[in-house]
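If you want the building blocks of each chain, they are given just below.
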Amino acid sequence: MSQASNRPLSPHLQVYRPQLTSILSITHRASGVFLSLGSVALACWLIAAAMGAGEYAAVNGLAAAWYGQVLLAAWSYALFYHLCNGIRHLAWDTGWGLDLRTTYVTGYAVVVVSVLLTAAAWLIALA
Amino acid sequence: MSIRSPLARARGLGSAKDGVGHWWAQRVTAVALVPLTLWFVTSLAAHVGQDHTAVMAWLSSPVVAVALVLYLAALFYHSQLGLQVVVEDYVHSESLKLVTLLVLQFANIALAAAAIFAVLSIALGAQ
């Protein structure tokens, strides 16, 4: 089994100024991991619903509490961000939009659209 | 005729030559998740705050149940593929990496199975 070597690495985080591209990229990864955690909660909610009204009410109670609402808000933003940036990734996979200017335009668009979609979802939910 | 030394070959160094399947599956599940996620989030937002009976009625509809099963399958598969690359990127200890990957794989499969079972048990009538 190969072990990690002790050879020095060239510095990267200490050297490069954060760009929109790199920040959006790591946020895509972070949102993905956060969403994976949320999928556990989703499974629990469905299982509670299948178990009965009592269990369902208990899980819904957690979701309705302030910390549940905070997590749901964070989770919904992570979802729409990952969705929008994911579409941007799929477009890149076809070869479209890889030049720097389009990358920045679509990058800003992802940030704006994901915020708008999150707001829209919460408006539907709270209406 | 490979120029890789026998020791390097035995230690598994160099290209794995295998990753396209993972890359493609990630894209296929991503494309499937775009409409499925939008449907799921808007449905969830519309049903928030409803009591157990109403939610059970919604989940009992065959169309909803099938769409939800497809959504869960795509979600947990996509999640597993994504988490796998994150672990491979950041965990450098070979043994810890192996254990983490196995735990994540089993957890995702178990969660998917439990969630799908919950949906099916609701839709097929066991209240």
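What you see is a predicted model, and the numbers here were worked out from it, not measured in a lab.

## Description of the overall build of chain B
Looking only at helices and strands, one finds 5 helices and 0 strands in chain B. Counted from the first residue to the last, chain B has its helices and strands arranged as α-α-α-α-α. Relative to the 2.2 N^0.38 estimate, which gives 14 Å for 127 residues, the radius of gyration of chain B is 20 Å and therefore markedly larger than a compact globule would have. When the backbone C-alpha atoms are referred to their principal axes, chain B occupies close to 65 × 25 × 25 Å. When burial is assessed residue by residue, chain B has 36% of its 127 residues classed as buried. Partitioning the contacts of chain B with sequence separation of at least 6, the portion at a separation of at least 24 is 74%.

## Describing the overall build of chain A
Scanning chain A from terminus to terminus reveals 4 helices and 0 strands. Ordering the α and β elements of chain A from the N terminus gives α-α-α-α. Taken over the C-alpha trace, chain A has a radius of gyration of 19 Å; the compact-globule value for 127 residues is 14 Å, which it surpasses by more than 25%. Looking at chain A as a whole, 35% of its 127 residues are labelled buried. Expressed as a percentage of contacts within chain A between residues at least 6 apart in sequence, the contacts between residues at least 24 apart total 73%.

## Digging into the interface of chain A and chain B
The interface of chain A with chain B comprises 30 residues on the first partner and 41 residues on the second. Between chain A and chain B the total buried area reaches about 2,900 Å² when both faces are included, carbon and sulfur atoms providing 76% of it. Summed over the shared surface of chain A and chain B, the number is 2 salt bridges. Arg-27 of chain B is the salt-bridge partner of Asp-93 of chain A, the closest N and O atoms lying 2.6 Å from each other.

## Regarding the packing of aromatic side chains
All names here are of chain B. Counting across every chain of the model gives 7 aromatic pairs over all chains. Arranged with centres 4.7 Å apart and planes meeting at 25 degrees, the rings of Phe-40 and Tyr-71 form a pair that is stacked. Here the residue Phe-40 occupies a position in helix 2 (residues 20-47), and Tyr-71 occupies one in helix 4 (residues 62-90), the gap between them amounting to 31 residues. By relative accessible area, Phe-40 is classed as buried at 1%. Aromatic ring contacts, followed pair by pair, group Trp-39, Phe-40 and Tyr-71 into a single cluster.

## Here's the deal with the pattern of salt bridges
When their charged atoms lie close together, side chains carrying opposite charge are able to pair. What the rule picks out here adds up to 2 salt bridges over all chains. For Asp-89 of chain B, the salt bridge is made with Arg-29 of chain A, and the minimal N-O distance between the two is 2.7 Å. Here Asp-89 of chain B is found in helix 4, whereas its partner Arg-29 of chain A is found in helix 1 (residues 20-51) on a different chain. Given the relative accessible area of 40%, Asp-89 of chain B is considered partly exposed.

## Regarding the packing of helix 3 (residues 52-60) of chain B against helix 4 of chain B
Residues and elements named next belong to chain B. In the contact formed by helix 3 and helix 4, the axes pass within 5 Å of each other and the chain directions differ by 80 degrees. Between helix 3 and helix 4, the interaxial angle falls into the category roughly perpendicular. Of the residues in helix 4, those touching helix 3 at Trp-58, Leu-59 and Ser-60 are Pro-62, Val-64, Ala-65 and Leu-68. When the residues that make up the contact of helix 3 with helix 4 are grouped by side-chain class, the tally is 6 nonpolar, 1 polar and no charged.

## Describing the nonpolar core
Most often, soluble globular proteins have nonpolar side chains that are buried together. The biggest cluster of nonpolar side chains holds 29 residues, and the ones touching the most others in it are Leu-42 and Leu-46 of chain A together with Leu-59, Leu-68, Tyr-71, Leu-72 and Val-119 of chain B. Mapped onto this core, the elements with two or more residues apiece are helix 1 of chain A together with helix 2, helix 3, helix 4 and helix 5 (94-123) of chain B. Not counting chain neighbours up to four residues away, the residues in contact with Tyr-71 of chain B comprise Leu-42 of chain A together with Leu-33, Leu-36, Thr-37 and Phe-40 of chain B. Counting 8 residues, the second-largest nonpolar core is a separate cluster that includes Leu-35, Phe-80 and Leu-83 of chain A together with Val-41 of chain B.

## Observations regarding the confidence of the model for chain A
Taken as a whole, chain A shows an average pLDDT of 92; of its residues, 96% reach a score of 70 or greater. For chain A, the element scoring lowest by mean pLDDT is helix 2 (residues 53-64) of chain A, at 91; helix 3 (residues 66-93) of chain A scores highest, at 96.

## A look at the side chain of Ser-43 of chain B
Mapped onto the elements of the fold, Ser-43 of chain B is located in helix 2. A distance of 2.8 Å separates a polar atom in the side chain of Ser-43 of chain B from the backbone oxygen of Trp-39 of chain B.

## Observations concerning helix 5 of chain B
With 30 residues, helix 5 of chain B extends 43 Å from end C-alpha to end C-alpha; this agrees with the ideal 44 Å at 1.5 Å per step. Looking at helix 5 of chain B, one finds that the buried residues are Lys-97, Leu-101, Asn-108, Ala-112, Ala-115, Ile-116, Ala-118, Val-119, Ser-121 and Ile-122 of chain B. In the core, the buried residues of helix 5 of chain B are packed alongside helix 1 of chain A together with helix 3 and helix 4 of chain B. Immediately downstream of helix 5 of chain B, the backbone of Gly-125 of chain B shows phi near 115 degrees, a positive value.

What counts and what doesn't
- Residues numbered from 1 in each chain as written.
- Chains lettered and ligands numbered in written order.
- Predicted model: local features only at pLDDT ≥ 70, side-chain atom pairs only at ≥ 80, totals over all residues.
- Heavy atoms only, no water.
- Helix = DSSP H or I, 4+ residues; strand = E, 2+ residues; numbered from the N terminus.
- Rg over C-alpha atoms; globule rule 2.2 N^0.38 Å.
- Buried < 20%, exposed > 50% of the residue type's maximum accessible area, 1.4 Å probe, protein only.
- Contact = heavy atoms within 4.5 Å.
- Buried area = accessible area lost by both parts, 1.4 Å probe.
- Salt bridge = Lys/Arg side-chain N within 4 Å of Asp/Glu carboxyl O.
- Phe/Tyr/Trp six-rings, centres within 6.5 Å; stacked < 30°, edge-to-face > 60°.
- Axes fitted to C-alpha atoms, helices over the stretch in contact; angles between N-to-C directions.
- Parallel < 35°, antiparallel > 145°, perpendicular 65-115°, else oblique.
- Nonpolar A, V, L, I, M, F, W, Y, C, P; charged D, E, K, R; others polar.
- Core = buried A, V, L, I, M, F, W, Y, C linked by side-chain atoms within 4.5 Å.
- pLDDT = per-residue confidence, 0-100.
- Polar contact = N/O pair within 3.5 Å; in protein donor to acceptor, adjacent residues only side chain to side chain.
- Expected span 1.5 Å × (residues − 1).

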